[in-house]
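Chains, contacts and geometry: an overview
These are the residues of each chain, in order.
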Amino acid sequence: MIIDTHAHLSDRRLAGELQHWLQLARQAGVKWIINVGADLASSRLAVEQAARHEGLWAAVGVHPHDAKDWTPAMAAELEELARHPKVCAYGEIGLDYHYDFSPRPVQREVFIEQLRLARALNLPVIIHDREAHQDVLNILRAEGPFPAGGVMHCYSGSAEMVPAYLELGFYISFAGPLTFRNAKKPRLAARQVPMDRLLVETDCPYLSPEPYRGRLNHSARVVHVVERLAEIKEVDFATMAAQTTRNAEQLFGLKGADATEAN
Ligand SMILES: [Zn+2]
Ligand SMILES: [Zn+2]
C-alpha cells in the first residue's frame with residue numbers, strides 16, 4: 001500500500017474523470033492521496049473532492065506563483081477550509097524563483113504569513129522550493145519550530161542541505177524527477193535521507209516519472225517513484241512502500257476505515 005502525498009486532482013486534466021484516476025490508483029496499490037491546493041479555487045475544490053471521495057485527503061494554501069493575489073479575506077477563507085476534517089496539511093506554500101510569477105518580496109511575505117497560519121491551525125506544512133533554497137531555509141529557521149512538522153515536496157535541493165531540513169524535523173519527498181535518467185542530484189539527496197523521513201508523491205498532473213516522462217501524470221504512477229527509491233536505498237519494493245506509508249501516516253496524522261494494511 002502506498003500514499004501519494006502530493007497530487008493536484010483539482011486540475012482540470014484530472015478533475016473531469018476523477019473516478020477513473022482514483023480507480024487506477026487503487027488498482028496500483030495507492031491507498032490514500034493527498035490532494036493539494038495551490039490557490040483559493042483549487043483549495044476549495046480539493047476539499048470538496050476529498051469530502052466526496054474515499055481515499056482522498058486535502059491540503060489548502062496559496063502557491064508562491066499566486067502570492068501576488070493574496071488578500072486578508074483569502075486568509076480567512078483558507079483558515080475556515082482548513083478546519084474541514086479531511087484537511088490534513090497546509091500547502092502548498094513556499095518560494096519559486098524559477099518562474100518568478102509573483103515578485104520575490106511578496107512571495108516571502110505570503111510564505112511567512114501562511115507558515116504562521118499553519119502553525120495556529122496545528123497543521124503540517126507542505127513546502128514548495130524551486131531555486132530558492134537558501135531563502136526557504138532561512139525563513140523556516142526563523143519561523144520555526146514547527147510542532148506539527150512539514151515536508152519539502154519534490155525535493156530539488158542538494159544532498160548537503162538535507163541535514164538542515166532533518167534538523168527542522170521535516171520529511172523529504174521525492175517525485176518523478178528521481179526516476180529521470182540523469183537525475184544525479186535527487187539521487188544523491190535521497191541517499192542522505194534516513195528511511196523514517198522519506199515520502200513519495202506524484203505532483204500530478206505534472207512530472208510524470210519514467211517511463212512516462214512528458215505525459216499526463218496521475219497518482220497510480222507513484223509506484224515508479226517507490227521503485228526507484230527502493231533501488232537507491234537498496235531495500236525491496238514492499239519495504240519501501242510500507243515505510244513511506246508509515247511516514248506519511250505519521251506526519252499527516254492519517255487514519256481511518258480504509259486503512260486496511262497491518263503494520
Ligand atoms: Zn510544488
Ligand atoms: Zn504541487
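Residues numbered from 1 in each chain as written. Chains lettered and ligands numbered in written order. Predicted model: local features only at pLDDT ≥ 70, side-chain atom pairs only at ≥ 80, totals over all residues.

**A short note on the overall build of the chain**
Within the chain, the secondary structure is distributed over 10 helices and 8 strands. The C-alpha atoms of the chain give a radius of gyration of 17 Å, which matches the 18 Å a tight globule of 263 residues would have. Over its C-alpha atoms, taken along the principal directions, the chain stretches across nearly 45 × 40 × 35 Å. Counting over 263 residues, the chain shows a buried share of 48%. Within the chain, counting contacts between residues at least 6 apart in sequence, those at least 24 apart form 72% of the total. (Helix = DSSP H or I, 4+ residues; strand = E, 2+ residues; numbered from the N terminus. Rg over C-alpha atoms; globule rule 2.2 N^0.38 Å. Buried ≥ 20, exposed ≤ 12 C-beta atoms within 10 Å, placed from the backbone. Contact = placed C-beta atoms within 7 Å.)

**A few points about the nonpolar core**
A59 and Y90 are the most contacted members of the largest nonpolar core, which has 77 residues in total. Element by element, the count of residues in this core is highest for strand β4 (residues 87–96), at 6 residues. If we ignore the near neighbours within four places in the chain, the residues touching Y90 are A59, V60, G61, A82, Q114, L117, A118, L121, L123 and V125. (Core = buried A, V, L, I, M, F, W, Y, C linked by C-beta atoms within 7 Å.)

**Some details on the sheet that holds β4**
If you walk across this open sheet you meet the 8 strands as β1-β2-β3-β4-β5-β6-β7-β8, and the pairing is parallel. This sheet does not close on itself; its edge strands, each paired only once, are β1 (2–7) and β8 (198–200). Neighbour-to-neighbour, the strand axes of this sheet turn through a mean angle of 30°, independent of strand direction. As defined by bridge partners, β1 adjoins strand β2 (residues 30–36) across 4 bridges and the pair is classed as parallel. Each bridged residue has a counterpart across the sheet, and for I2 the counterpart in β2 is V30. (Pairing = 2+ DSSP bridges. Axes fitted to C-alpha atoms, helices over the stretch in contact; angles between N-to-C directions.)

**Notes on the pairing of strand β5 (residues 125–130)**
Extensive coverage of β5 is indicated by the burial of 5 of its 6 residues. In this structure, β4 lies alongside β5, joined through 5 bridges in parallel fashion. Bridging across to β5, G94 finds its partner in H128. Crossover connection from β4 via helix α5 (residues 104–121) to parallel β5: handedness right-handed. In the sheet, β5 pairs with strand β6 (residues 150–152) via 3 bridges, with the strands oriented parallel. Note on β6: the bridge partner recorded for I127 is M152. Of the crossover connections in this fold, the one passing from β5 over helix α6 (residues 133–143) to the parallel β6 is right-handed. (Right-handed = clockwise from strand over helix to strand, strands pointing away.)

**So, the packing of helix α4 (residues 72–82) against α5**
Packing of α4 against α5 leaves a shortest axis separation of 11 Å and a crossing angle of 35°. As α4 packs across α5, the resulting crossing turns out to be right-handed. Contacts between α4 and α5 pair A75, E79 and A82 from the former with E113, L117 and L121 from the latter. Among the residues making up the contact of α4 with α5, the classes are represented as 4 nonpolar, no polar and 2 charged. (Left-handed = near helix turned anticlockwise from the far one by under 90°. Nonpolar A, V, L, I, M, F, W, Y, C, P; charged D, E, K, R; others polar.)

**Topic: the pairing of β2**
Residues in a regular strand project their side chains so that they alternate between the two faces of the sheet. Extensive coverage of β2 is indicated by the burial of 7 of its 7 residues. Two elements, β2 and strand β3 (residues 56–60), share 4 bridges in a ladder whose sense is parallel. Residue pairing across strands places V36 opposite A59, the latter belonging to β3. Assessed by its sense of winding, the connection that carries the chain from β2 through helix α3 (residues 40–52) to β3 is right-handed.

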